[in-house]
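Observations on chain architecture
For reference, the chains in residue letters:
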Amino acid sequence: MKCPLCDSKNDKFLNHKNRSFYHCDNCDGIYVDKEDYLDVEEEKQRYSTHNNTIENKGYVKMFQRFLDDTVRKFSDDINTVLDYGCGPGPVLAELLKKDGFEVDYYDPVFYPEIDESKKYDLVTCTEVFEHFHNPKENIKKILKKIKKGGYLAVMTYFHDGKDVFKNWFYKDDPTHVFFYNTNTFKYIADEFNLEILFNNSTKHVLLKKPD
Ligand SMILES: [Zn+2]
């Protein structure tokens, strides 16, 4: 099956809980067979069960670490933010507002309204990239929302290679269908003409669009 990020053809390396996984030799991504995707209703049901509110201290702490690593280092350049794929409770948007940013949020399932023409200094995508059925097209769409010289801050857990993938917890969420690592983000940066400003090699990445 073809890689939905870079289009190269790869072989299956794992069957696990009724899903087939492929590793891409070109971009180092790992992806699920598209026959095994949940449908939209099943995905929505699954997302609605997440306990992701501002009262959940662990959840908030996770975002604070993400903001420290990425957004807060460049706060002087940033006024407007779009939180893309915020899920049922826009917690990160609340934290960004507290930091003084002007924040909009969007989620294809829960908050589908979006100002098509508006562009932002920063787009945040936390726990979003791993849900993309078509990462190439989704990334293109996101980049259209960012101004020239603007930023894209991403949080998604990096995989540690196909040899240890079988025991990795993150793959077991049936809505997670594409997994990245440092090489995959290098591929994305090259392909979409972005600069990687920060990468903690486990889950936080900050990219910049050229001026
Ligand atoms: Zn690929």
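Residues numbered from 1 in each chain as written. Predicted model: local features only at pLDDT ≥ 70, side-chain atom pairs only at ≥ 80, totals over all residues. Heavy atoms only, no water.

The name recorded for the chain in an unreviewed UniProt entry is Methyltransferase domain-containing protein, from Geotoga petraea.

Two modes of strand pairing occur in sheets, parallel and antiparallel, and in both the strands are linked by backbone hydrogen bonds. Ordered in space as E1-E2-E3-E8, the 4 strands form an open sheet in which the pairing is antiparallel. Unpaired on one side and paired on the other, strand E1 (12–16) and strand E8 (178–179) mark the two borders of the sheet. Across 4 bridges, E1 lies against strand E2 (residues 19–23) in antiparallel orientation. Paired with Leu 14 across the strands is Phe 21, a residue of E2. (Pairing = 2+ DSSP bridges. Helix = DSSP H or I, 4+ residues; strand = E, 2+ residues; numbered from the N terminus.)

Moving on to the nonpolar core. Core analysis: the largest hydrophobic core is formed by 34 residues, its most contacted members being Phe 129, Ile 142, Leu 152, Phe 185 and Ile 188. Examining the composition of this core, we find that 4 residues originate from one element, helix H6 (residues 182–191), more than from any other. By size, the runner-up hydrophobic cluster in this structure holds 21 residues, among which are Tyr 59, Val 91, Leu 122 and Ala 153. (Core = buried A, V, L, I, M, F, W, Y, C linked by side-chain atoms within 4.5 Å. Buried < 20%, exposed > 50% of the residue type's maximum accessible area, 1.4 Å probe, protein only.)

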